[in-house]
Amino acid sequence: MAGRQPPYLDVDRLIDDRRNRILVCCGSGGVGKTTTAAALGLRAAERGRRVVVLTVDPARRLAQSMGLTSLDNTPRLVPGVPSDSDAGDAGNGDSSGGSLHAMMLDMKRTFDEIVEAHADPDRAAQILANPFYQSLSSSFAGTQEYMAMEKLGQLRRAEEWDLIVVDTPPSRSALDFLDAPQRLSRFLDGRLLRLLVAPAKVGGRAYMRVLNAGFGVVTGVLTKILGTQVLRDVQTFVSALDTMFGGFRERADYTYQLLRTPGTAFLVVAAPEPDALREASYFVERLAEERMPLAGLILNRVQRPPAAQLSAARSLAAAEMLEAGAAPYPLAVAALRLHADRMQEAAGQRRVAEHFTAAHPLVPVAEIPAQPDDIHDLEGLRRIGQAFGSR
Ligand SMILES: Nc1ncnc2c1ncn2[C@@H]1O[C@H](COP(=O)(O)OP(=O)(O)OP(=O)(O)O)[C@@H](O)[C@H]1O
Ligand SMILES: [Mg+2]
């Protein structure tokens, strides 16, 4: 029984529409967010947009092919893509002043830049040298998501590009991208930190009063767990950062609002597998609750066996017949069995995709076929992009 067909997600129309200024590729871990973001960026640039792609942790070879050899936290022009300077020389006659910049998010550098922008030089130096800051800025869960949003806000304010394509961090859950920044600013703003800061800020006598009020128990326990030095680091860090608390929250809010404005579109990337599509489902529902604009679902690594008119059952039957015969034709048998596997996998993928569409019948879907190899160069990205131009 044929399942319900989802509406078609016309990616080319999405990237050609100049009102669209930000595309965010979300999805659970390993589904192809980085690849999709890079392929979208390349295709949009080659169709005439001035694009910057913000990638997070791209595979090394892919990064190299995009000219991203150092983590300097600034967008670099991607070589081999028609740009303003060589417009008209694109080889496809299609160049109309588009360009592609790409950058890798350096979470620690982005954090440092915020501190430098918000604190006077002495204080900034003090914060940057603080061991607690150093571990927070490079490892606290949520920092990467927060920094991706922060960087997006910066790129948007720069007004240098007319399309920003955002890749999101490799979180387990797609929702982390939306939740983590708030979680981080709540943490920085949180009661635990305030409590830790209190003694450092108010000095000895007040500290005693706090102690008497019972907080000392907490601080005492923390001193035991963390050690005096670490606790002191935390205290100096947080009091130094105190003036920035409002700043952090405001900035997280600013970018969050940016995600809601017209001109932003979310693309949920998923592999045609139950777990990835379940995550995609949660994400789609969450976007609706937040009134954030969903463009559609990108199903990546879709199995499209050639010779699809030969069913898995007939292919297996033929393999068995050959095996039973006098001349076994081992290569033909192997090919038939492989074909049967692919057909079964494709059928399984269709079932989970139909399940998604049954739950979200209005969400448009585009597909990217599974490629035989990893995508590690512009040519590979172009091939992925071409999938967007055909049904
Ligand atoms: N359609 C495809 N066909 C073949 N390989 C693919 C396809 N899409 C992605 N890949 C490969 O799958 C791997 C994971 O892709 P990618 O890095 O884009 O996923 P991701 O969602 O960004 O992962 P993470 O959550 O770790 O950031 C890469 O090696 C990539 O080359
Ligand atoms: Mg990635």
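A short tour of the structure in this document, coming up. No experiment lies behind these values; they were computed from the predicted model shown.

Reading guide: rules and limits
Once a new chain begins, its residue numbering starts again from 1 and follows that chain's sequence as written. Chains carry letters from A onward and ligands carry numbers from 1 onward, assigned in written order. Note on the predicted model: pLDDT of at least 70 is required for a residue's local features to be given, and 80 or more for side-chain atom pairs to be given and counted; whole-chain, interface and lining totals, by contrast, use all residues. Values reported for side chains reflect all heavy atoms of the structure, with hydrogen atoms and water molecules removed beforehand. Per the convention used, a helix needs a DSSP run of H or I reaching at least four residues, while a strand needs a run of E reaching at least two, with both numbered from the N terminus. We call a residue buried when its accessible area falls under 20% of the maximum for its residue type, exposed when it is over 50%, and partly exposed in between, using a 1.4 Å probe and counting protein chains only. Contacts are assigned to residue pairs that have any heavy atoms within 4.5 Å of one another. For two strands to pair, DSSP has to find at least two bridges joining them. Note on handedness: a crossover is taken as right-handed if, strands pointing away from the viewer, the path from the first strand over the helix to the second is clockwise. Here a helix's expected span is defined as the number of its residues, less one, multiplied by 1.5 Å. The reported arc concerns the directions from the helix axis to the C-beta atoms and nothing else. Axis definition: a line fit to C-alpha positions, over the contact stretch in the case of helices; interaxial angles, taken between N-to-C directions, run 0 to 180 degrees. Orientation is classified from the angle alone, with under 35 degrees giving roughly parallel, over 145 giving roughly antiparallel, 65 to 115 giving roughly perpendicular, and any other angle giving oblique. Crossing handedness follows the turn of the near helix against the far one: under a right angle anticlockwise gives a left-handed crossing, and clockwise gives a right-handed one. In this classification, the charged set is Asp, Glu, Lys and Arg, the nonpolar set is Ala, Val, Leu, Ile, Met, Phe, Trp, Tyr, Cys and Pro, and all remaining amino acids, among them Gly, are polar. One speaks of a salt bridge when a side-chain nitrogen belonging to Lys or Arg is within 4 Å of a carboxyl oxygen belonging to Asp or Glu.

1. As for the environment of Glu 150
In this structure, Glu 150 sits in helix α7 (residues 143–158). The exposure class assigned to Glu 150 is buried, which follows from its relative accessible area of 3%. Separated by 40 residues in the primary sequence, Glu 150 and Thr 110 place their C-alpha atoms 7.9 Å from one another. Contacts of Glu 150, omitting those with residues within four sequence positions, involve Thr 110, Ile 114, Arg 157 and Arg 251.

2. What to know about the pairing of strand β6 (residues 264–270)
The buried fraction of β6 amounts to seven of the seven residues, a majority that puts the element mostly inside the structure. As defined by bridge partners, strand β1 (residues 22–26) adjoins β6 across five bridges and the pair is classed as parallel. What sits directly across from Leu 23, in β6, is Ala 265. When β6 meets strand β7 (residues 294–302), the two strands line up parallel, connected through five bridges. Bridge pairing in β7 places Phe 266 opposite Leu 294. Following the backbone out of β6, through helix α12 (residues 274–289) and into the adjacent parallel β7, one traces a crossover that is right-handed.

3. Considering helix α13 (residues 312–324)
With 13 residues, α13 should cover 18 Å at 1.5 Å per step; its first-to-last C-alpha distance of 18 Å lies within 8% of that length. Within α13, burial applies to Ala 312, Ser 315 and Ala 319. Looking down the long axis of α13, one finds its buried residues gathered within 65 degrees of arc, a one-sided arrangement. Opposite the packed face of α13, turned more than 90 degrees from it, sit the exposed residues Ala 313, Arg 314, Met 321 and Ala 324.

4. Concerning the packing of α13 against helix α14 (residues 330–359)
At a closest axis distance of 8 Å, the pairing of α13 and α14 adopts a crossing angle of 160 degrees. With respect to α14, the element α13 is oriented roughly antiparallel. In terms of crossing hand, the pair formed by α13 and α14 is left-handed. Contact residues: α13 offers Ala 312, Ser 315, Leu 316, Ala 318, Ala 319, Glu 320, Leu 322 and Glu 323, while α14 offers Ala 332, Val 333, Leu 336, Arg 337, His 339, Ala 340, Met 343 and Gln 344. Residues of the contact of α13 with α14, tallied by class, amount to ten nonpolar, three polar and three charged.

5. Quick look at the sheet that holds β1
The eight strands are arranged β3-β4-β2-β5-β1-β6-β7-β8 in an open sheet whose pairing can be described as mixed. Two strands close off the open sheet at either side, each with one partner strand: β3 (76–77) and β8 (365–369).

6. A look at unusual backbone geometry
Of note, the phi angle at Asp 57 is positive, near 55 degrees, even though the residue is not glycine. Mapped onto the fold, Asp 57 is located in the loop between β2 (50–55) and α3 (60–65). Phi is positive for Glu 159, which is not a glycine, with a value near 55 degrees. Residue position: Glu 159 is located in the loop between α7 and β5 (163–167).

7. Quick notes on the pattern of salt bridges
Applying the stated rule across the entire model yields 20 salt bridges. For Glu 323, the salt bridge is made with Arg 337, and the minimal N-O distance between the two is 2.8 Å. With Glu 323 in helix α13 and Arg 337 in helix α14, this pair connects stretches of sequence that are 14 residues apart. Exposure remark for Glu 323: the relative accessible area of 42% places this residue in the partly exposed category. Here the residues in one salt-bridge network are Lys 108, Arg 109, Asp 112, Glu 113, Glu 116 and Lys 151, joined through shared partners.

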